[in-house]
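Here are the chains, one letter per residue:
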Amino acid sequence: MFVRKAAVQYRQLKEPQPAQDQADDAWPPSVPGWVYFPSCVSPGHFIDEPQAALARYATLQAVLHAAARPGQRQHIIAVTTEGETKGKLRPQACWEVHPSYDTGLYVRATAVQQMRLVPSPAVPDYRQLCSKLQQLRLDAAHMSCAWLNDQYLSLQETRDSPAGSGMALLLNSVWWLDVSGSIPGVPPGSYKVSWVMDVTHAHLDKLTLTAEAVPVHAKHQQQQQQDGAEPAASAATSAAAASEAVAAQADKQQGKVEVQQRWRPALQRLQQQCRMQGAAWGVVSGGVLSVSEYSTVQLRCSNTDSTFKQNVRWAMVELVPVKLQQQHQQQLPHVASHRNRVWRPPAQHAGRQG
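Small disclaimer: the values here were computed from a predicted structure and weren't measured.

What counts as what
- Residues numbered from 1 in each chain as written.
- Predicted model: local features only at pLDDT ≥ 70, side-chain atom pairs only at ≥ 80, totals over all residues.
- Heavy atoms only, no water.
- Buried < 20%, exposed > 50% of the residue type's maximum accessible area, 1.4 Å probe, protein only.
- Helix = DSSP H or I, 4+ residues; strand = E, 2+ residues; numbered from the N terminus.
- Arc of directions from axis to C-beta.
- Pairing = 2+ DSSP bridges.
- Contact = heavy atoms within 4.5 Å.
- Axes fitted to C-alpha atoms, helices over the stretch in contact; angles between N-to-C directions.
- Core = buried A, V, L, I, M, F, W, Y, C linked by side-chain atoms within 4.5 Å.
- pLDDT = per-residue confidence, 0-100.
- Polar contact = N/O pair within 3.5 Å; in protein donor to acceptor, adjacent residues only side chain to side chain.
- Phe/Tyr/Trp six-rings, centres within 6.5 Å; stacked < 30°, edge-to-face > 60°.
- Salt bridge = Lys/Arg side-chain N within 4 Å of Asp/Glu carboxyl O.

1. Points about helix H3 (residues 60-68)
- Taken together, the buried positions of H3 are Leu60, Val63, Leu64, Ala66 and Ala67. Down the axis of H3, the buried side of the element spans an arc of 165 degrees, and every buried residue falls inside it.

2. Some thoughts on the sheet that holds strand S5 (residues 85-86)
- Read across the open sheet, the five strands follow the order S1-S7-S4-S5-S3; overall the sheet is antiparallel. Each edge of the sheet is formed by a strand with only one pairing partner; in this case those strands are strand S1 (34-38) and strand S3 (46-48).

3. Here's the deal with the sheet that holds strand S17 (residues 295-303)
- The strand order S9-S12-S17-S14-S15 describes an open sheet built from five strands, whose pairing is antiparallel. Every interior strand has two partners, whereas the edge strands, strand S9 (144-145) and strand S15 (256-262), have only one.
- Both strand S14 (residues 206-215) and S17 contribute to a ladder of eight bridges, which runs antiparallel. The residue of S17 that forms the bridge with Thr208 is Ser302.
- Sheet strands touched by helix H8 (residues 263-276): S14 and S15. Its angle to S15, the strand with the most contacts, is close to 85 degrees.

4. Some thoughts on the pairing of S14
- Across the 10 residues that make up S14, a large majority, eight, are buried.
- Two elements, S14 and S15, share seven bridges in a ladder whose sense is antiparallel. Within S15, the position partnered with Thr208 by the bridge is Gln260.

5. Notes on the environment of Ala266
- For Ala266, the position within the fold is in helix H8.
- A relative accessible area of 6% places Ala266 in the buried class.
- Through-space distance from the C-alpha of Ala266 to that of Lys206 is 9.5 Å; in sequence the pair is 60 residues apart.

6. Concerning the nonpolar core
- Of all hydrophobic cores here, the largest spans 47 residues; its most connected members are Leu169, Trp195, Val297, Leu299, Trp314 and Leu319.
- Once residues lying within four places of it in the same chain are set aside, the contact partners of Leu319 are Leu136, Ile183, Val186, Tyr191, Lys192, Val193, Val297 and Leu299.
- Among the nonpolar cores identified, the runner-up in size contains 11 residues, and Phe37, Leu105, Ala111 and Leu117 belong to it.

7. Here's the deal with the confidence of the model for the protein
- The predicted model of the protein has a mean per-residue pLDDT of 77, with 69% of residues at 70 or higher.
- Confidence drops under a pLDDT of 50 for residues 229-248, and excluding neighbours within four residues, the segment shows one contact in the predicted structure.
- Counted against residues more than four places away or in other chains, residues 348-354, with its pLDDT under 50, gives zero contacts.

8. Observations concerning the environment of Ser42
- Turning to its location among the elements, Ser42 is positioned in the loop between strand S2 (40-41) and S3.
- Sequence-wise, Ser42 and Gly104 are 62 residues apart; in three dimensions their C-alpha atoms are separated by 9.3 Å.
- With near-sequence residues (within four places) excluded, Ser42 lies in contact with Lys86, Leu89, Arg90, Trp95 and Leu105.
- Among the polar contacts listed, one links the side chain of Ser42 to the backbone nitrogen of Arg90, at a separation of 3.0 Å.

9. Quick word on the packing of aromatic side chains
- This model, assessed by the stated rule, comprises four aromatic pairs.
- Seen in terms of ring centroids, Tyr36 and Tyr106 are 4.8 Å apart; in terms of plane orientation they differ by 40 degrees. Their pairing is tilted. Linking Tyr36 in strand S1 with Tyr106 in strand S7 (residues 104-108), this pair joins segments that are 70 residues apart in sequence. Considered together, Tyr36 and Tyr106 belong to a single accessibility category, that of buried residues.
- Aromatic pair Trp147 and Tyr152: ring centres 5.5 Å apart, planes at 70 degrees, arrangement edge-to-face.

10. Topic: the pattern of salt bridges
- Within the structure shown, the criterion is met by nine salt bridges.
- Linking Asp160 and Arg313 is a salt bridge whose minimum nitrogen-to-oxygen distance equals 2.8 Å. With Asp160 in the loop between strand S10 (153-157) and strand S11 (167-174) and Arg313 in strand S18 (residues 309-321), this pair connects stretches of sequence that are 153 residues apart.
- Close ionic contact of Asp205 with Lys206 constitutes a salt bridge, the shortest N to O distance being 3.7 Å.
- Asp205 sits in the partly exposed class, given a relative accessible area of 32%.

And the structure:
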């Protein structure tokens, strides 16, 4: 029986031991002073790109040996199997899973003890997973961004972060700003896109907030159509296909919203509101997104022009359900910026006393 390696890891199955003469110990290599975490990825915080590290040391073993020498590049605490060196790691709960066992992360043994890393990932709690999906929320700890290296952007644990992880994505200074992520399993409906951000000391000109719903079965249906297409199609078939393409494009546009938040007056007004109320976190509106079927919603907060950006924090982005009677009004472009407000923690439900 063949079992996917991802399923073996997830179910914590014991792999059969191969015969001694058939065992392949060449990859992944074993190097003293390093602990290998298979199928684990910790995005960002790189020191050397894979091409630069491998060009200098030629092999992965050489990179690990060089970084392990006393007094030699002790600031490197992790190396990927591609040769990328890292000076910092995200919390282990925020690591991503790679489908291949041969792709992983080497962590310095002393750092494993200091960070109390778990050698083998535990089985996820289904109740906790379902709770996260029901919240339709993307935590800063799971966001992706360019220049996450602690110099331009950093992921930090902060006491005031409203995110469940207690983490916040901090922008120190950058020219190219691109923060993104996705929320899977979003059911049909209309949702307000709400970015929970701290702009009380921000220096920026504008932000472009984009949200797009990608249906779960869209790629599968597209592949089926391509596999079943005939080489020569009649004129009627071509016309029908063109009509379907136009309809699909219309659905795609309906499942996408883009809002540009300018500093004057929208974000400046939000900054003043936060200061008056003694609050750091505000809600920056990304408009209303219509989802026609179960989808993965891709979210992006960006500004890639030549202006300077500084002192912004992200805690999370939420999809808040919108009632049908409010949908049309909130979809108007000029309304989105007026939806900015000071963030308040959700009210605790009463009536649950024993």
